[in-house]
Structure formats: C-alpha cells, structure tokens
Amino acid sequence: MNFEIADASLLRSLVHAAPDGILLIDPQQRIVLFNPACERLFGWSARDALGEPITTLIPDWYDHWQTARRSPVLARRQDGTTRTIALSTATAPLGDTDFIAATAHEIDDADLVRANRAADALDFRRLVEGVTDYAIYMLDVEGRVVSWNRGAERIKDFTAAEILGRHHREFYPPEARERGDPERNLEIARERGRLEATAWRQRKDGSRFWAQMVIEPLRDEHGALLGYAHVTSDVSEQLRTAQVIREADARIATLIQTVVDGVILTDRFGRIRIFNLACHRLFGYEADDVIGRHISMLMPAANADEVQSFFRGLGADHDRIGTVREMTGLRRDGRTFPMDLSVGETVQDGETVFVAVIHDLTDRKHTEEQLVQAQKMEIVGQLSGGIAHDFNNLLTVIVGNAEFLGDQLKARQDLRALARDIGRAGQRGAELTQRLLAFSRRQTLKPVAVDCNQLLESMHNLLRRTLREDIVIDTAFEADLRTAYADRAQLESAILNLSLNAQDAMLGGGRLSITTANVALDASYRSINKDVRPGDYVLIAVTDNGSGMPKDVLDRVFEPFYTTKEVGKGSGLGLSMVYGFVKQSNGHVSIYSEPGLGTTVRLYLPAMTTGRPSSPETPDPEHPPSRGEVVLIVEDDQFVRSYAMMCLRSLGYGVIAATDGGDALQILDGDTPIDILFTDVVMPGGISGWELAEAATLRRPDLRVLLTSGYALDTIAGRSRGRSHLPILTKPYRKADLARKLRDVVEFPIPGAVGREC
C-alpha cells in the first residue's frame, strides 16, 4: 500500500487501533495527539491530556526525546502513581514545522528483565533504583541474593545489608520450603528459560503476601549460567479485590436469581446480558434463548417500537430512567400479560448498561377488576334498592286507589275495567321492584330449613307446564343431601328464572338439567373467589345445552337491566335477582358458559347442621396423600391452573404444567416421567381434553387420565365421541375432591388404556 496516498480516515483508524501508545508533540512540547492506547498506558483521557506539557506525563522527557531507540523511562499517571514504559521518538515534519512523534508501550516483568540485561551498568542501576513497585534482585547460581533494589526492600521488608548473601528460600513460607519449591523454581527457569508464577511469599516478619514473579536465568555469551534475574510484585490487593468482586458478584447473582420480579440487564443498545429465573417464569424463555437478543422481543409490536426508540437514543430520554411504566409483556407462546417496567441506568466496566425490573400485574389487574365489578354491583344495587323502595310507595298509592275505584264503579263496568287494568299494571311494577330489591339485597327474606330435593321435585310439574314441549327436563339429586338454609319462595323464583333463561337459550329445543350435591368450599377455593366464605354448602346446578355466551356477555350477566334479548322480551333483572338473593342468603353463585356448549349456573346455599346454618369455617376432610406420582396438568385458565398446582403440590404430587393440548403433547413426547394426565375438557388450540387423552394414552399406554370441566357432564358428554367413560372432576372442586379423585384414578386398574369410571 502507498502510504503517501492513503486515505486520512484509514490512517486515523490505524492510530486509533494501534496497540502501542502514539503521541505527537508540537514545537512547544505540548501534546497534540493522544491515542486510546495512551489513555490505557498513562491513565489520562485524551480530553485531559491534549494541550498538556509532555513533561507532565514524562518528567525525564528532555533526557530521552532525541533517542531513536526504544528506552525505558519513568511515566507519571494521572492518579500520581508512576510506572516504567518503553519510549521511542522520531522527528515528524508537518509542513514547515517539525513535530516529535513518540511511541510508548508498557514494560511487563519479562521486558523489564530483558531491559536490565541489555542496559549498561549505569542505565541498569538508574532503572532498577527508580522502580519501587517491583522487587528486582539478582541471584547467583546457588540462589543467593547478590543485588537488592528499593522495591525489594519495600515489598519484602529486608534491607540490603540483611539479605545480601542469603538464600532466596527466605522468601518462601515453611510448607513451600518443605516441598522444595525454591530449588524447583530455579530448575524450571534454567530448563525452560523463564518461569512466571503467582504464589504466597513471606516477608521478614513472617507475614505473607500474594506475589506475581518472573525468574529468568542469566548466561554469558557462551551459554554458561551466571545467575538469575528475579522480579516480584505484591498483588495481594488485587487478589483481595478480585475475591471481594467475586463474592459480591455471587451475592448479586443470587439476589437477582431469587427475587420474585423479573430482572434484565442490557447493554446500551438493549441487547440482553442477564435474564433471571423470574423472567423465565414470566416469559417462558430460557436464558440461553434470549441472551444477546434485543429486549423488545419480550413485548408486542406497539411497546416494542417504544422500547427500540428509547435504546436508539442511547438512553437520552432521561425522563424514563427510574420511572415505572405500565406496558404489555409477550410470552413465548404468544400470550400477553400486563406488567410494570422500570429502567435504571448504571456503568459497568466503563460502559453504560440498563437494568430493567419487570413486575407482573396479572394478579393485581384481576383483583382490581373484581373490586371494580363488586363496587359497580354495590353502587347499582344501592341505587336500585333506593328506587325500588320509593317506587313501592308510589305503587301502593296507585294499586290501592285503583282497587278503591273498582269497588266504587260497579255501575260503570267500562270504567271498572280501566281501574282493574291500572291495578294489574301496578302489580307488574311491584314484581319488578321486588326483583330490584332482590338484586340490592334489601328484600325481606324468611330463611327456613329447605329440603332442596323435595322443593325441586315439587317444582317439576310447574316447570313442565311453563317450559316449551321441545325442552327435555333431567334431574339428578344427591340422595343424602344436606338441608339448606334459605327463603323457600325466593329459591323457587330463582330456579324458575334460571329455567326460563335456559329455555330462551335453546331456541330449537334442548335439554335442561337440574342437579343437587353436597359440597364444601375451602380456603383454597376462596383464594380464587374472594367473596366466598369457607364452609359446607348445598349446590343446585341448572344447565342447558343452548347457544352459550361469549366472555364479554358473561362478565355482565348479573348487572341489572343488562340483557341480550330483543326489546320488550326481557327486563334484564332475572339473573340480577338470582345474584342478589343468593348473596343475601350468605351463599355463592357461579356461571360457566361458552358459545356452542351451553351454560351452567351453580347456586351454593349454606348447609344446616343441627337445625342451624353450618359454620363458615368447616375443617377440610382428610386428604388422601400421593405416593410420589407426577401429574401433568393442562389448563388454559391461569388462576385455575395456579390453584390446582398449589393443591397438587400440597398433596405431595410432582407437578408439570401446560397451557393447552399442543403444549402438553410436546411434554409427553419427551422423556419426563408422568403418571397422571389431569386436563380440562374445553381448551383453546384445537385439541379438546378427550382428544388429548386419546393421543396421550397412545404415546404412553400406562398413563392415568382425569378430566375436569365447569360444564354439566350431560352437556359435554355428547361431544366426547365415545370417550365419555373417562373420569371427570366437576368444577369448582375442593382440594379434598381432587385428592380423592386422583387416588381413585391411580388405584383403578387400567384395562389396556384408561380406566372406566365407576
């Protein structure tokens, strides 16, 4: 390459990348060029060094600047410490002015030994005496000390008079002497021509220090051994610092990996360096999958663009540093979740890095939604109750006066008929206000002991006459059903309302199922449904196989006046009345529905013991323990999945979780031991629980299977395609129900595939 025509940018790159320090000195002896290697060598930044007199960095500059050969000189760093460097200079004409170009590089221990050998006696003495950071001394062929510098006196604490003539084993700890290390080290240096090592060495007072040493044999021109050059430096502080850093790094790493929030460390461009275990749980990625990739991969497009723009500005938007922003996270499986993201800025190894802390807001959002819904229902209930009470006063006047007019107008049948119409309209208004009072929980209830089986039996004929002929009514009552504590008339009204709603959902006919059961809702169930008081309940479930409801409708079904029916075909108060009645009765109501599958409404009424309502704190029955089996749970609802996992682990089962059928099959295709498949029936992803069970048992014939669903069994059985024999645990279930069902599944023999439920 012709350097006379070389591109200026190329020459700048060469100077910038040169491993040796390159300086340019103007005629006034001031620094005008100072490359990055100089910054490392002298400890000055280019910004600080440019314009400084060269003698500030090299005090003996005038003794060496005309020396073309490389010679050792003493350099002063910005922090005041000194070090010996190798310096070469040359005149550099630039236009009409002569500048001085200098190159410098660090002299390591080996270079220092070679420099000592090459220098004349005077230069050697000056160099050695000027060094205090290194112990530099000579040994004869027997290993006795024959020279001693100030650095050796400082580091080893011997004066020259005390140590000259004594063997260098004086510097070794007793155990090293016993091993023969002093003699072995000289032997290695002779054989290899050089020995570099770090080890413990001993001072005059017996104290120890961590030493870095170089030993080189000295020979004459014929190769005969003259002795040894020995250079030692005390690196104890570096060792302690390194140990402190390692311990601090270990503590920080442990802290980062154990915190419940996600912690991500990125470089200044947003590339991920650290991805803790909490992030793995949040996003589903292993650390190796994301290290080196941009943090925006963990967010959907809208948030990703915002994050990328932040890092493109290299953190210039300081308003965002240290603040908490609500954003959306993107899991590996494509699902999103709400999160708080806070970003902090720091410097690591001279480079700006960012620490992102991620807090999952899913539980908080769910709680907030429940609170908002409860507050909304309470507000609407209070408003409805107030209106109903006031309206009842007006209706009392209207109905009473209409009745009075009717009695007074016997001679005028035409006017008497109008009075009767006014009275009937008032009665209908009274029924509406009664429903408003039921929703607002301000109606007067008369709770008594109720045999729900007998009540439902007595209502069968009424329902048969009320509902269309194309509606088939099925009942399944638990034989030893407990006695409920509720208002009998209001309960009958609630059952009738639910039945009429079910009929409206089955336009072309269908099946209405009414079932009863004894249930106990425990603290685990309450962790998901905050308004439930643990205890024994009587369950009445009303199920249809009609059109079902989407989630947006399901979220509002208990709101008063909310209806999806045509104008004039519904008041929107039926389910509101049911909700208010059950809540006022200290019960619980739940609803499950999905388009095309139908709807199940469950009423939980307090059960009675010895003629009084049961205690809300009924202890859990004994839970049959596991025998170390591993359960693969497949559930798309994260709250139900978390509850089930908590129950299984407390029962002693090993737990592996999957969110859908595809995820479960990937796990089953691996070699992880799995004894029981516990799967929801209705799941997203195109694979139902029945289909998953069939595919799983083909892969693993000995696998036990337990299904679960929030829909009535007779509603979903028609979709099982011949697999209805599989055992099913109905939601909501208690920990004890799950424990007993799992033991039944495990202990039941498997004839070829999956055992048939008794």
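The coordinates are above.
Residues numbered from 1 in each chain as written. Predicted model: local features only at pLDDT ≥ 70, side-chain atom pairs only at ≥ 80, totals over all residues. Heavy atoms only, no water.

Chemist: Which parts of the structure should I look at to understand the overall build of the protein?
Modeler: In terms of helices and strands, the protein carries 27 helices and 28 strands. Burial status across the protein gives 43% buried among its 758 residues. Just so you have it, the protein exposes about 38,900 Å², and 52% of that area is on carbon and sulfur atoms. (Helix = DSSP H or I, 4+ residues; strand = E, 2+ residues; numbered from the N terminus. Buried < 20%, exposed > 50% of the residue type's maximum accessible area, 1.4 Å probe, protein only. Areas by Shrake-Rupley, 256 points an atom, 1.4 Å probe, with all protein chains shown as cover.)

Chemist: What exactly am I supposed to notice about the pairing of strand S7 (residues 195-202) here?
Modeler: Strand residues, when the strand is regular, have side chains that alternate between the two faces of the sheet. Direction of pairing for S7 relative to strand S8 (residues 208-219): antiparallel, over a ladder of eight bridges. Paired with Trp200 across the strands is Trp210, a residue of S8. Taken together, S7 and the strand that follows it, S8, pair antiparallel across an intervening segment of five residues, in which Gly206 is found at a positive phi of about 90°. (Pairing = 2+ DSSP bridges.)

Chemist: Just checking my understanding: could you explain the pattern of salt bridges for this structure?
Modeler: As a working rule, side chains carrying opposite charge can pair if their charged atoms are close by. By the definition in use, this model includes 25 salt bridges. Residue Glu492 is joined to Arg488 by a salt bridge in which the shortest nitrogen-to-oxygen separation is 3.7 Å. Remark: Arg488 and Glu492 occur in helix H19 (residues 488-505); sequence separation between them is four residues, near one turn of the helix. Note that Arg627 and Glu747 form a salt bridge whose closest N and O atoms lie 3.4 Å from each other. A residue pair is termed long-range when its members are at least 10 positions apart, and Arg627 in the loop between strand S23 (612-613) and strand S24 (630-634) and Glu747 in helix H27 (residues 735-747) qualify at 120 residues. Residue classification places Arg627 among the exposed positions, given a relative accessible area of 63%. Among the residues examined, Glu747 registers a relative accessible area of 49% and is labelled partly exposed. One connected set of salt bridges, linked through shared partners, spans Arg627, Glu629, Arg743 and Glu747. (Salt bridge = Lys/Arg side-chain N within 4 Å of Asp/Glu carboxyl O.)

Chemist: Is there a simple way to think about H27 in this case?
Modeler: Side chains three or four residues apart in an α-helix point the same way, a direct result of the helix having 3.6 residues per turn. Counted at 1.5 Å a residue, the expected span for H27 with its 13 residues is 18 Å, and the 18 Å between its end C-alpha atoms agrees. Taken as a whole, H27 has its buried residues at Lys735, Ala736, Leu738, Ala739, Lys741, Leu742, Arg743, Val745 and Val746. (Expected span 1.5 Å × (residues − 1).)

Chemist: In this structure, what is going on with the sheet that holds strand S5 (residues 97-106)? I would like to understand it.
Modeler: Strand order in the open sheet formed by five strands is S2-S1-S5-S4-S3, and the pairing between neighbours is antiparallel. Each of the sheet's edge strands pairs with one partner strand only, and the pair in question is strand S2 (31-34) and strand S3 (71-76). Within the sheet, the average angular offset between the axes of one strand and its neighbour, ignoring direction, is 35°. (Axes fitted to C-alpha atoms, helices over the stretch in contact; angles between N-to-C directions.)

Chemist: Hey, could you run me through the environment of Leu330 in this one?
Modeler: Among the secondary structure elements, Leu330 is positioned in strand S12 (residues 324-330). Along the backbone, Leu330 and Gly284 are 46 residues apart, and their C-alpha atoms lie at a distance of 9.5 Å. Setting aside its immediate chain neighbours within four residues, Leu330 contacts Phe283, Met297, Leu298, Met299, Pro300, Arg335, Thr336 and Phe337. (Contact = heavy atoms within 4.5 Å.)

Chemist: Teacher, can you tell me more about H19 here?
Modeler: For H19, spanning 18 residues, the distance from its first C-alpha to its last is 26 Å, which sits close to the expected 26 Å at 1.5 Å a residue. Where H19 is concerned, the buried positions are Gln490, Leu491, Ala494, Ile495, Asn497, Leu498, Ser499, Ala502 and Gln503. One side-chain oxygen of the residue at the start of H19 lies 3.1 Å from the amide nitrogen of Gln490, identifying that residue as Asp487. (Polar contact = N/O pair within 3.5 Å; in protein donor to acceptor, adjacent residues only side chain to side chain.)

Chemist: Looking at this structure, how should I read the side chain of Ser236?
Modeler: Checked against the element boundaries, Ser236 lands in helix H12 (residues 236-258). Given a relative accessible area of 8%, Ser236 falls into the buried group. A distance of 2.8 Å separates a polar side-chain atom of Ser236 from the backbone nitrogen of Trp210. Apart from the residues within four sequence positions on either side, Ser236 is in contact with Phe209 and Trp210.

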